[in-house]
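Close look at the chain arrangement
One letter stands for each residue in the lines below.
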Amino acid sequence: GAGVSQSPRYKVAKRGQDVALRCDPISGHVSLFWYQQALGQGPEFLTYFQNEAQLDKSGLPSDRFFAERPEGSVSTLKIQRTQQEDSAVYLCASRGGGPYEQYFGPGTRLTVT
Amino acid sequence: AQRVTQPEKLLSVFKGAPVELKCNYSYSGSPELFWYVQYSRQRLQLLLRHISRESIKGFTADLNKGETSFHLKKPFAQEEDSAMYYCALAPRAGTALIFGKGTTLSVSS
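Let us look at the structure shown here. This one's a predicted model, so the numbers in the text were calculated from it and none came from an experiment. (Residues numbered from 1 in each chain as written. Chains lettered and ligands numbered in written order. Predicted model: local features only at pLDDT ≥ 70, side-chain atom pairs only at ≥ 80, totals over all residues. Heavy atoms only, no water.)

This part covers the sheet that holds strand E3 (residues 19–24) of chain A. All names here are of chain A. Pairing is antiparallel in the open sheet, where four strands are placed in the order E1-E3-E8-E7. Looking at the sheet topology across the chains shown, the edges are occupied by strand E1 (5–7) and strand E7 (65–68). Sheet twist, expressed as the average angle between the axes of neighbouring strands with direction ignored, equals 15°. Relative to strand E8 (residues 75–79), E7 is paired through four bridges, and the arrangement is antiparallel. Considered in E8, the bridge of Glu68 is made with Thr76. (Pairing = 2+ DSSP bridges. Helix = DSSP H or I, 4+ residues; strand = E, 2+ residues; numbered from the N terminus. Axes fitted to C-alpha atoms, helices over the stretch in contact; angles between N-to-C directions.)

In structure tokens form, the structure reads like this:
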């Protein structure tokens, strides 16, 4: 079956532009996570959804970051007024019910110039 | 604070040599520990988790609560093991993962 997909795979934005990153989780997966991975670092947690409810957004670095999952499936991570420090790979992961493994997407590489 | 430390950024070994990738964690509780692997041009994928107590691709990892370590070991490295390895912690089952910075394993012939 299809795994987690993300689009676009690469995004170049000028400083100050808004961007929207999309995640399509594995069908039926209840939980969805967003992570940010800066160059040379491990992934860092941003936010977590269970169905359409955003249960944890403690990792979002500023109020310029916003995530939604309105129908409990596809999720969008939006970054407003992008800054150079937002340059990173943004990873999405989904998990089925219960304590199963998280399945990661290929990531979106965002470069802010 | 919850933290995962992988002290080696790069580990280079010859084919057939033993491998140990170190992972130490800081967490007051009983977390779940994982090893994730990312092969070249592939996505991050789960290698193994401590509660499964299994061996995957010849790799094993033992949770040592006294030393708060979860080192990844393989007795005989293969060239196809070359990849980036991340140790990760979940404070409770099913929660978000806390990752280390990763160790690049390079196996040469």
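Residues and elements named next belong to chain B. Among the eight residues in strand E9 (residues 83–90), seven count as buried, and that is most of the element. Strand direction decides the pairing type here: E9 and strand E11 (residues 103–108), joined by three bridges, are antiparallel. By the bridge assignment for E11, Ala83 is matched with Leu105. Here two bridges tie E9 to strand E10 (residues 98–99), and the two strands are oriented antiparallel to one another. For Ala88, the partnering residue across the bridge sits in E10 and is Phe99. (Buried < 20%, exposed > 50% of the residue type's maximum accessible area, 1.4 Å probe, protein only.)

On to the interface of chain A and chain B. Accessible area lost upon the coming together of the parts is a frequently used measure of interface size. In this assembly, 18 residues from chain A lie in contact with 15 residues from chain B. Summed over both sides, the interface of chain A with chain B buries roughly 1400 Å², with 54% coming from carbon and sulfur. Between the two partners, chain A and chain B, sit zero salt bridges. Our count for the chain A to chain B interface comes out at six residue pairs in polar contact (both at pLDDT 80 or more). Examining the composition of the side of chain A that touches chain B, we find that three residues originate from one element, strand E4 (residues 31–37) of chain A, more than from any other. (Contact = heavy atoms within 4.5 Å. Buried area = accessible area lost by both parts, 1.4 Å probe. Salt bridge = Lys/Arg side-chain N within 4 Å of Asp/Glu carboxyl O. Polar contact = N/O pair within 3.5 Å; in protein donor to acceptor, adjacent residues only side chain to side chain.)

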